[in-house]
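Residues per chain are reported as follows:
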Amino acid sequence: MTYNAVGPRALDYLPCRYGTSRLLFRGPRRDLKKAYCAFIGGTETYGKFIDRPFPALVEAELNVSCVNFGQANAGVDAFANDPFVMEAAKNAEVAVVQVLGAQNMTNRFYAVHPRRNDRFISTSSLLRTIYREVDFADFHYNKHMLSCLMAVCPDRFAAVRQELQDAWLARMRFMLRQIRGKSILLWFAQNPPPRGNPEGPDLGPDPLFVTQEMIDEVSGYATHFLEVVASPQAQSEGLDGMFYDDMETMIASELMGPKAHEEASVALADMIRQLR
């Protein structure tokens, strides 16, 4: 997968596959027969629009092979239901698991694509009953659908959000229990985890619907929890150092840039040193 860059060159993600997994990962491909650290996560772990995302920076700092199992827009389902990725994480010296949002998972209200988790594929009769006035044929992506449901009726939306949060807790426990070796649960975002559900007209900050209370419930299933919040300086750099084309400007503007990835890599490298 190649993107046209705003800058001197294009960014090649060197897509590759591992074992029996049906997911396409960011390369270069690493040898899993040698010692390695595994990185599981979403768009930030994958490093969309970033030349050297934090897994690559940790690899350079520690001189240890770092396998990037990140998936753009992934939910927990993409990994928890992939036996190969879970086995690779179990066999890693250290497995880093990024906290992902709760919107991109199959749940009692709707089903998502098994690999492209941000894509909505069907609704349950329960959700159609709660929102009788909504035509769900209009939606292709989870976030768009959820934003519309929130706008239609915030009170009814509270039940949807609670279902997503309950499903997230169950799925995260299931995934972290499969990683029997050393693991780091990583919060990497522009803001710290909120306490309680934020009030307001929008869905809230990424990772969507994940609160400090939810982190507290699952962090004990990992060896350590690491919170990395991008500094004001990193956030002020905007799109500097990112590679994207004109049509991707809005998407890129919502993501953290190279400076934030550097900050995450420093914190991760220090913690991985202690665990190895």
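Residues numbered from 1 in each chain as written. Predicted model: local features only at pLDDT ≥ 70, side-chain atom pairs only at ≥ 80, totals over all residues. Heavy atoms only, no water.

Engineer: Go over empty space enclosed by the protein, please, and point to the residues and values.
Structural biologist: Counted by the stated rule, this structure contains two cavities of 30 Å³ or more. Volume-wise, the largest cavity comes out at about 80 Å³. In this structure, the largest cavity is lined by 13 residues; those nearest its centre are P198, L203, G204, P205 and F209. When grouped by side-chain class, the residues that make up the lining of the largest cavity number eight nonpolar, three polar and two charged. Approximately 40 Å³ is the volume found for the second largest cavity. (1 Å grid on protein atoms, 1.4 Å probe; cavity = no way out; pocket = protein on both sides within 12 Å on 5 of 7 lines; lining within 4 Å. Points joined across faces, edges and corners; volume = space filled by probe spheres on them. Nonpolar A, V, L, I, M, F, W, Y, C, P; charged D, E, K, R; others polar.)

Engineer: Account for the pattern of salt bridges, naming residues and giving values.
Structural biologist: Applying the stated criterion across every chain, the model contains nine salt bridges. A salt bridge links R276 to E93; the shortest N-O distance between them is 2.7 Å. Of the two residues, R276 is situated in the segment after α11 (258–275) and E93 in the loop between α4 (83–91) and β5 (94–98); the sequence distance between them amounts to 183 residues. Given the relative accessible area of 47%, R276 is considered partly exposed. For E93, a relative accessible area of 31% gives the class partly exposed. Across the salt bridge formed by E217 and R173, the nearest N and O atoms sit 2.9 Å from each other. On the criterion of sequence distance, the pair formed by E217 in helix α8 (residues 212–218) and R173 in helix α7 (residues 154–178) is long-range, its members being 44 residues apart. (Salt bridge = Lys/Arg side-chain N within 4 Å of Asp/Glu carboxyl O. Helix = DSSP H or I, 4+ residues; strand = E, 2+ residues; numbered from the N terminus. Buried < 20%, exposed > 50% of the residue type's maximum accessible area, 1.4 Å probe, protein only.)

Engineer: Tell me about α4, residues and numbers included.
Structural biologist: Taken as a whole, α4 has its buried residues at V85, M86, A88 and A89. For α4, the angular spread of buried residues about the axis comes to 160°, placing them on one side. Here the buried face of α4 lies against β3 (36–40), α3 (77–80), β5 and α7. Its side-chain oxygen at 3.0 Å from the backbone nitrogen of F84, D82 defines the N-terminal cap of α4. (Arc of directions from axis to C-beta. Contact = heavy atoms within 4.5 Å. Polar contact = N/O pair within 3.5 Å; in protein donor to acceptor, adjacent residues only side chain to side chain.)

Engineer: Any details on the packing of aromatic side chains? Residues and values, ideally.
Structural biologist: Enumeration according to the criterion identifies ten aromatic pairs in this entry. Ring plane angle 75° and centroid distance 6.5 Å describe the contact between F49 and Y244, whose orientation is recorded as edge-to-face. Placement of F49 in the loop between α1 (43–46) and α2 (54–62) and of Y244 in the loop between α9 (232–236) and α10 (249–253) is noted, with a sequence separation of 195 residues between them. Take F49: its relative accessible area is 0%, and that puts it in the buried class. Within the aromatic cluster, the residues linked to one another by ring pairs are Y18, F25 and F69. When the ring centre of F109 is taken as reference, the NZ or CZ atom of R108 above it lies at 5.7 Å. The cationic tip of R156 hangs over the ring face of Y131; the distance from NZ or CZ to the ring centre is 5.0 Å. (Phe/Tyr/Trp six-rings, centres within 6.5 Å; stacked < 30°, edge-to-face > 60°. Lys NZ or Arg CZ within 6 Å of the ring centre and 35° of its normal.)

Engineer: So, the packing of helix α6 (residues 142–152) against α7: which residues are in play, and what are the values?
Structural biologist: Contact pair α6 / α7: the axes reach a minimum separation of 6 Å and the direction vectors enclose 140°. When the axes of α6 and α7 are compared, the pair comes out oblique. Where α6 abuts α7, its residues L146, L149, M150 and V152 lie against P154, R156, F157, V160 and L164. Split by residue class, the contact of α6 with α7 holds eight nonpolar, no polar and one charged. (Axes fitted to C-alpha atoms, helices over the stretch in contact; angles between N-to-C directions. Parallel < 35°, antiparallel > 145°, perpendicular 65-115°, else oblique.)

Engineer: Quick rundown of the packing of α2 against α11? Include the residues and the values.
Structural biologist: What describes two packed helices is the angle between their axes and the distance between those same axes. Between α2 and α11, the shortest axis-to-axis distance is 8 Å and the interhelical angle comes to 50°. As the angle between them shows, α2 and α11 are arranged oblique. Crossing handedness for the pair α2 and α11: right-handed. For the pair α2 and α11, the contacting residues are F54, L57, V58, E61 and L62 in the first and H261, E262, A264, S265, L268, A269, I272 and R273 in the second. Considering only residue class, the contact of α2 with α11 consists of eight nonpolar, two polar and three charged. (Left-handed = near helix turned anticlockwise from the far one by under 90°.)

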